[in-house]
Amino acid sequence: MRAQSEVDSGVLGSDAGVTTSFEVFSSDPSLRPVVRGRKAVHPGVKVYVGTAVVAVDDGLSATSFWDVNGEAVKLGAGATEAEYAQCLAQRAAEVGDESGSASDELRLSA
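Remember, it's a predicted structure, so these values are computed and weren't measured experimentally.

Conventions and cut-offs
- Residues numbered from 1 in each chain as written.
- Predicted model: local features only at pLDDT ≥ 70, side-chain atom pairs only at ≥ 80, totals over all residues.
- Heavy atoms only, no water.
- Core = buried A, V, L, I, M, F, W, Y, C linked by side-chain atoms within 4.5 Å.
- Buried < 20%, exposed > 50% of the residue type's maximum accessible area, 1.4 Å probe, protein only.
- Helix = DSSP H or I, 4+ residues; strand = E, 2+ residues; numbered from the N terminus.
- Contact = heavy atoms within 4.5 Å.
- pLDDT = per-residue confidence, 0-100.
- Pairing = 2+ DSSP bridges.
- Axes fitted to C-alpha atoms, helices over the stretch in contact; angles between N-to-C directions.
- Salt bridge = Lys/Arg side-chain N within 4 Å of Asp/Glu carboxyl O.

1. Looking at the nonpolar core
- Core analysis: the largest hydrophobic core is formed by 15 residues, its most contacted members being Leu 12, Val 35, Val 41, Val 45, Val 47 and Phe 65.
- Considering each element in turn, this core owes the most residues, three residues, to strand S5 (residues 45-49).
- In this view, Leu 12 contacts Val 7, Phe 22, Val 35, Arg 36, Gly 37, Ala 40, Val 41, His 42, Val 45 and Phe 65; residues no more than four positions away in its chain are not counted.

Structure follows, in structure tokens:
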């Protein structure tokens, strides 16, 4: 499935684990590409969001995928633009952290 700015579904993928791709690219800088699985994301799903790619090996509960500086970041399924901005700011702060202890994944409640 391909979309211009957002894929928003109850469930992404299938119980059978069939490989399924969701692609969201936007040429409009005001649109933040996002893929949402409001109830579940099954194994076998591959998400292309902006310039980031993530393959889901294990099932996930309600999740959204956002492109944060070329990295696919998982937030709550109902994450807002404000939470996305918070994630960007947190990542920028981690990059500036001299200890280099950036977290592998951010999870914000939605």
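2. Overview of the confidence of the model for the protein
- Looking at the protein, the pLDDT average stands at 84 and 87% of residues meet or exceed 70.
- pLDDT under 50 marks residues 98-110. Its contacts with residues more than four places away, or in other chains, come to 27 contacts.

3. Quick notes on the sheet that holds strand S4 (residues 34-41)
- Judged by pairing direction, the sheet is mixed, and its four strands sit side by side in the order S2-S4-S7-S8 without closing on themselves. On the outer flanks of this sheet lie strand S2 (6-12) and strand S8 (71-75), each paired with one strand and no other. The mean inter-strand angle of the sheet, taken between neighbouring strand axes irrespective of direction, is 20°.
- In terms of strand pairing, S2 meets S4 through six bridges, oriented parallel.

4. Remarks on the pattern of salt bridges
- Per the counting criterion, the structure on display carries six salt bridges.
- For Arg 36, the salt bridge goes to Glu 6, with nearest N and O atoms at 2.8 Å. Of this pair, Arg 36 sits in strand S4 while Glu 6 sits in strand S2, and the two are 30 residues apart along the sequence.
- A salt bridge links Glu 94 to Arg 91; its shortest N-O distance comes to 3.6 Å.

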